[in-house]
Amino acid sequence: MKIVVAIGGSILLKEYDSTKFQEYSEVLKSLSKEHELFIVVGGGKPARDYIGLVRELGAGEAQCDDIGIEVTRINARILLSSLGDYAYHKIPQNFQEAEEYSAYGKIIVMGGTEPGHSTDAVSAILADYVQADKLINLTSVDGMFDKDPNKYKDAKLIKEITADGIMELISGKENKAGTYEIFDMTAIQMIKRSSLETIIANGFEVENLKKAIDGEDIGTKIIS
Ligand code: UTP
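Now for a description of the structure that goes with this document. (Residues numbered from 1 in each chain as written. Predicted model: local features only at pLDDT ≥ 70, side-chain atom pairs only at ≥ 80, totals over all residues. Heavy atoms only, no water.)

1. Let's talk about the packing of aromatic side chains
This model, assessed by the stated rule, comprises three aromatic pairs. Following the ring pairs from residue to residue traces out a cluster consisting of Tyr88, Tyr101 and Tyr104. Directly above the aromatic system of Tyr152 lies the positively charged group of Lys147, at a separation of 5.5 Å from the ring centroid. (Phe/Tyr/Trp six-rings, centres within 6.5 Å; stacked < 30°, edge-to-face > 60°. Lys NZ or Arg CZ within 6 Å of the ring centre and 35° of its normal.)

This is the structure we're talking about:
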């Protein structure tokens, strides 16, 4: 299968050490023997910290986004270095390059592309662009909840939801650099437009990636 995987920066860099990079590297190497993989890496806390700094210095939102994109690309390079020869050695700066580099038959690792959205959107656009079979979004919670699980103890995990249902949930949420809470609107619009099979799952459990690929019942499935 051709699979696009978004890994949140909050997963890879929660502890500021190499543990999660190493764990993902092992799983990805093994999965790449059977599947064509495209990995999109998020910015996490370092991106938010740096965005905060430039915002304090008076930068506009799009400039803040640009700083965020640079951080996602640094994170992508860190993952790339752990994958060695299993991955293509360059970070695509856009979707065309991602497709071009994939011709070498190796894992493709990238970060952000342009201002105005998060890496969730990048992964959704990329999945459409390369006509992936599945999009797997690995995040810091178990999937999509009816309200923020970090704030509300009674938040319920949604097992299945349509793209329209997610749009309703996220409408009115903040849309500034470094502040996308769950999915951003661009991501969900892309998923809707392409009827892409999408799974949102907890990325702290590295094994969840394999489970999501194998179609096991984990996280949230976005249905068309
Ligand atoms: P993330 O995709 O990591 O954003 O990109 P996020 O969802 O806020 O954070 P985590 O990783 O899931 O916790 C970091 C920031 O970089 C900019 C945005 O400002 C985003 O919030 N960015 C990223 C872009 O502007 N364009 C991109 O293509 C990617």
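2. A few points about helix H3 (residues 44-56)
With 13 residues, H3 extends 19 Å between its outermost C-alpha atoms, agreeing within 8% with the 18 Å of an ideal straight helix rising 1.5 Å per residue. Within the span of H3, buried status applies to Gly44, Pro46, Ala47 and Ile51. When H3 is viewed along its axis, its buried side chains cluster within an angular range of 140° and face the same direction. If you follow the buried residues of H3, they end up packed against helix H1 (9-12) and helix H4 (61-83). Looking one or two residues past H3, Gly58 carries a phi angle of roughly 100°, positive in sign. (Helix = DSSP H or I, 4+ residues; strand = E, 2+ residues; numbered from the N terminus. Expected span 1.5 Å × (residues − 1). Buried < 20%, exposed > 50% of the residue type's maximum accessible area, 1.4 Å probe, protein only. Arc of directions from axis to C-beta. Contact = heavy atoms within 4.5 Å.)

3. A few points about the nonpolar core
Ranked by size, the top nonpolar core spans 64 residues in total, and within it Tyr24, Ile39 and Leu209 carry the most contacts. Per element, the largest residue contribution to this core is six residues, and it comes from helix H6 (residues 119-129). Setting aside residues up to four positions removed in sequence, Tyr24 forms contacts with Ile7, Ile11, Leu12, Leu79, Leu138, Gly203, Glu205, Val206 and Leu209. (Core = buried A, V, L, I, M, F, W, Y, C linked by side-chain atoms within 4.5 Å.)

4. Re the packing of helix H7 (residues 163-170) against helix H8 (residues 185-194)
Axis separation between H7 and H8 bottoms out at 9 Å; the angle between their running directions is 165°. In terms of their interaxial angle, H7 and H8 are classed as roughly antiparallel. For the pair H7 and H8, the crossing hand works out as left-handed. Within the contact between the two elements, H7 uses Ala163, Asp164, Ile166, Met167 and Ile170 and H8 uses Met185, Ile188, Gln189 and Lys192. Looking at the contact of H7 with H8 residue by residue, the classes come out as six nonpolar, one polar and two charged. (Axes fitted to C-alpha atoms, helices over the stretch in contact; angles between N-to-C directions. Parallel < 35°, antiparallel > 145°, perpendicular 65-115°, else oblique. Left-handed = near helix turned anticlockwise from the far one by under 90°. Nonpolar A, V, L, I, M, F, W, Y, C, P; charged D, E, K, R; others polar.)

5. Some remarks on the sheet that holds strand E5 (residues 160-162)
Strands sit in the order E3-E2-E1-E4-E6-E7-E5 across an open sheet of seven strands; the sheet is mixed. Sheet topology places strand E3 (108-110) and E5 at the edges, where each strand pairs with a single neighbour. Here the average twist between neighbouring strands, direction ignored, is 20°. The pairing of strand E6 (residues 198-202) with strand E7 (residues 220-223) spans three bridges and is antiparallel. (Pairing = 2+ DSSP bridges.)

6. Quick notes on the pairing of strand E1 (residues 2-7)
Counting buried residues along E1, five of its six residues qualify, which places the element largely inside the surrounding structure. Sheet analysis places E1 next to strand E2 (residues 36-41), joined by six bridges and oriented parallel. Within E2, the position partnered with Ala6 by the bridge is Val40. Bridge count between E1 and strand E4 (residues 134-139): five bridges; the pairing is parallel.

7. Some remarks on the pairing of E7
In E7, alternate side chains face the same way, and those of Thr220 and Ile222 are buried while those of Lys221 and Ile223 on the opposite face are not. Here three bridges tie E5 to E7, and the two strands are oriented parallel to one another. Counterpart to Thr162 in the pairing with E7 is Ile223.

8. Some remarks on the pattern of salt bridges
Scanning the entire structure with this criterion turns up 13 salt bridges. The partner of Lys192 in a salt bridge is Asp164, with the nearest N and O atoms 2.8 Å apart. Linking Lys192 in helix H8 with Asp164 in helix H7, this pair joins segments that are 28 residues apart in sequence. (Salt bridge = Lys/Arg side-chain N within 4 Å of Asp/Glu carboxyl O.)

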